[in-house]
Amino acid sequence: MSDLALHIPTDVVNGPTSLAFAAIAAVAVGACVVMARRNLDERLVPLAGLATAFIFAAQMLNFPVAAGVSGHLLGGALAAALLGPWLGALCVTVVIVIQALLFADGAVTALGLNVVNMAVIASFTGYGVIALALKVLPRTRWGLGVAVFAAAVVSVVAASAGFVLQFWLGGEEVGQSFGAMAAAILGTHVLVGIGEGVITAGAVTAVAVARPDLVHALRGTRLTQDTAVKAAP
């Protein structure tokens, strides 16, 4: 059941609900295009390509999180931390579309559902958590790592909550109560989020140590004035 929240296949959510979320996804992606273009600079273009490629490759690999349960990187918090929520959501959208069209990973009819959950909700939720956490945490590698870890966990749970909402609106019969299904989805994705948090924190802090100016989440802080994030724990 946990697989339903990530890369939703066909015949899980009905047609009208899928169409409604396709429209929501189109509006959201359009807004992301407009906003991302306003802040796009020559440094972000290659980083966006690298982030998209990394997320694409990482999503193809599953990691165990519990007995009989595995997960994979969503990448929303990772992309948002490095690129900002607007461009980050676009990068994850590109990954989702390619996977659906070329690898049948997630139904084409469910593209809107998946984009809303994994690109829009995950990216913006993740970035919001990072922004709030960096207001109270120390501006060190440890502080950044904690902020990004928490953002990744919350973003994965938020994305799975998006699926729960979609299923409540137009889900097909799954042979168990909605409450049991929702509890299983959300509980499982707390574990998935922990795995994502470890990967995301490691990747973002690695970039921040070498080039803090490339980490969007650090803009406007004194960290970007240094050559690297302070190594103090």
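Residues numbered from 1 in each chain as written. Predicted model: local features only at pLDDT ≥ 70, side-chain atom pairs only at ≥ 80, totals over all residues. Heavy atoms only, no water.

Right, let's talk about the nonpolar core for a bit. Core analysis: the largest hydrophobic core is formed by 65 residues, its most contacted members being Leu83, Leu87, Phe163 and Val204. Among the secondary structure elements, those contributing two or more residues to this core are α1 (15-39), α2 (44-59), α3 (76-83), α4 (85-103), α5 (111-133), α6 (141-170) and α7 (178-210). Residue contributions to this core peak at 11 residues, all from α5. Setting aside chain neighbours within four positions, we find Val204 in contact with Leu78, Ala81, Leu82, Leu144, Val148 and Val215. (Core = buried A, V, L, I, M, F, W, Y, C linked by side-chain atoms within 4.5 Å. Buried < 20%, exposed > 50% of the residue type's maximum accessible area, 1.4 Å probe, protein only. Helix = DSSP H or I, 4+ residues; strand = E, 2+ residues; numbered from the N terminus. Contact = heavy atoms within 4.5 Å.)

Our next topic: the environment of Val198. Tracing the chain through its elements places Val198 in helix α7. A C-alpha to C-alpha distance of 9.6 Å links Val198 and Ala150, two positions 48 residues apart in sequence.

Turning our attention to the packing of α1 against α5. One can describe the packing of α1 onto α5 by two numbers: an axis separation of 8 Å at closest approach and a directional angle of 45 degrees. If you check the angle between α1 and α5, you find them oblique. The handedness of the crossing between α1 and α5 is left-handed. Only Gly112, Leu113, Val115, Val116, Val120 and Phe124 of α5 make contact with α1, whose side of the interface consists of Thr17, Ser18, Phe21, Ala22, Ile24, Ala25, Ala28, Val29 and Cys32. (Axes fitted to C-alpha atoms, helices over the stretch in contact; angles between N-to-C directions. Parallel < 35°, antiparallel > 145°, perpendicular 65-115°, else oblique. Left-handed = near helix turned anticlockwise from the far one by under 90°.)

Turning next to the side chain of Ser123. Structurally, Ser123 is set in helix α5. Sequence-distant contacts of Ser123, that is, excluding residues within four places in its chain, are made with Gly76, Ala80, Pro85, Gly88, Ala89 and Val92.

Attention now goes to a nonpolar patch on the surface. Taken together, the side chains of Met60, Leu61, Val94, Ile98, Leu101, Leu102, Phe103 and Val108 define a hydrophobic patch exposed on the protein surface, amounting to about 780 Å² of accessible area. As for its placement among the helices and strands, Leu61 is situated in the loop between α2 and β1 (63-66). Residue classification places Leu61 among the exposed residues on the basis of a relative accessible area of 59%. (Patch = residues over 30% accessible without salt bridge, like charges linked within 9 Å, V, L, I, M, F, W, Y side chains within 5 Å. Areas by Shrake-Rupley, 256 points an atom, 1.4 Å probe, with all protein chains shown as cover. Salt bridge = Lys/Arg side-chain N within 4 Å of Asp/Glu carboxyl O.)

Right, let's get into the confidence of the model for the chain. For the chain, the mean per-residue pLDDT works out to 84, and 85% of the residues sit at or above 70. Counting interchain partners and residues more than four positions distant, the pLDDT-below-50 stretch residues 223-233 has 30 contacts. (pLDDT = per-residue confidence, 0-100.)

Empty space among the atoms can be located by rolling a probe the size of a water molecule over them. Under the counting rule described, the total for this entry stands at 1 cavity of 30 Å³ or more. Its volume calculated, the largest cavity comes out at about 30 Å³. Contributing to the lining of the largest cavity are Asp41, Arg43, Leu44, Leu82, Asp213, Leu214 and Arg219. Per-class residue counts for the lining of the largest cavity are 3 nonpolar, no polar and 4 charged. (1 Å grid on protein atoms, 1.4 Å probe; cavity = no way out; pocket = protein on both sides within 12 Å on 5 of 7 lines; lining within 4 Å. Points joined across faces, edges and corners; volume = space filled by probe spheres on them. Nonpolar A, V, L, I, M, F, W, Y, C, P; charged D, E, K, R; others polar.)

Contact geometry of α5 with α6 gives a least axis separation of 7 Å together with a crossing angle of 145 degrees. Note on packing geometry: the crossing formed by α5 with α6 is right-handed. Residues Leu113, Val116, Asn117, Ile121, Ala122, Thr125, Gly126, Val129, Ile130 and Ala133 of α5 form the contact with α6, whose participating residues are Ala147, Val148, Ala150, Ala151, Val154, Ser155, Ala158, Ala159, Gly162, Phe163 and Gln166. For the contact of α5 with α6, the per-class residue count stands at 15 nonpolar, 6 polar and no charged.

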